[in-house]
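# Fold and contact review
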Amino acid sequence: MEIPVEAIADSIQRGDILLSEFDGIDHRKFFVVMGISEDKVCGFFFINSNIHPAIFNKQEQLNMQYLLLQRDYEFLKYDSFLCASSVIERRLVDISEGIRNKTTQVIGHMKEEHITDVIKMVRESKVISERHKRLYFY
């Protein structure tokens, strides 16, 4: 029996960690759902192995790199960073379809205290738009 896309979509929530392919990226990426808008668009952040050197001299963006320790998340091979400097958006139905057809995997859930830290960080940030803050972080 195939699970309906709507049922999958209803189960996705803030803090879910997923793994999927993305256009323009030559490998699968971990990402964390940070919010779902009323019109069913998902806002998320990528998890990166390292901080990109291009932002080392951009303090506001550098401040938006949230350390994820490998000991807290068994799927990580080493300490990594949630790159919270730019909200990526994808339709919830597309994520749900990916889960159903197995091109997207649900990996786990971010620790609640880390979710709280990231939301606070984003709400205080100058690099995240007020629109994105309203849609995904309240």
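Heads up: the structure comes first, above all this text.
To keep things clear, this report deals only with the structure shown in the data block. Note that this is a predicted model, so its numbers are computed, not measured.

Moving on, we get to the overall build of the protein chain. Looking only at helices and strands, one finds 5 helices and 6 strands in the protein chain. Along the protein chain, helices (α) and strands (β) appear in the sequence α-β-β-β-α-β-β-α-β-α-α when read from the amino end. By the compact-globule yardstick of 14 Å for 138 residues, the protein chain fits well, its C-alpha radius of gyration being 15 Å. Its C-alpha atoms give the protein chain principal-axis dimensions of about 50 × 35 × 30 Å.

In this section: helix α3 (residues 92-100). Buried within α3 are the following residues: L92, I95, S96, G98 and I99. Down the axis of α3, the smallest arc covering the buried residues is 155°, so these residues share one side. Tucked into the core, α3 has its buried residues touching α1 (5-11), β1 (16-20), β2 (29-36), β3 (41-48), β5 (80-91) and β6 (105-109). Where α3 terminates, the next one or two residues include K102, which has phi positive at roughly 70°.

Rules of the game
Residues numbered from 1 in each chain as written. Predicted model: local features only at pLDDT ≥ 70, side-chain atom pairs only at ≥ 80, totals over all residues. Heavy atoms only, no water. Helix = DSSP H or I, 4+ residues; strand = E, 2+ residues; numbered from the N terminus. Rg over C-alpha atoms; globule rule 2.2 N^0.38 Å. Buried < 20%, exposed > 50% of the residue type's maximum accessible area, 1.4 Å probe, protein only. Arc of directions from axis to C-beta. Contact = heavy atoms within 4.5 Å.

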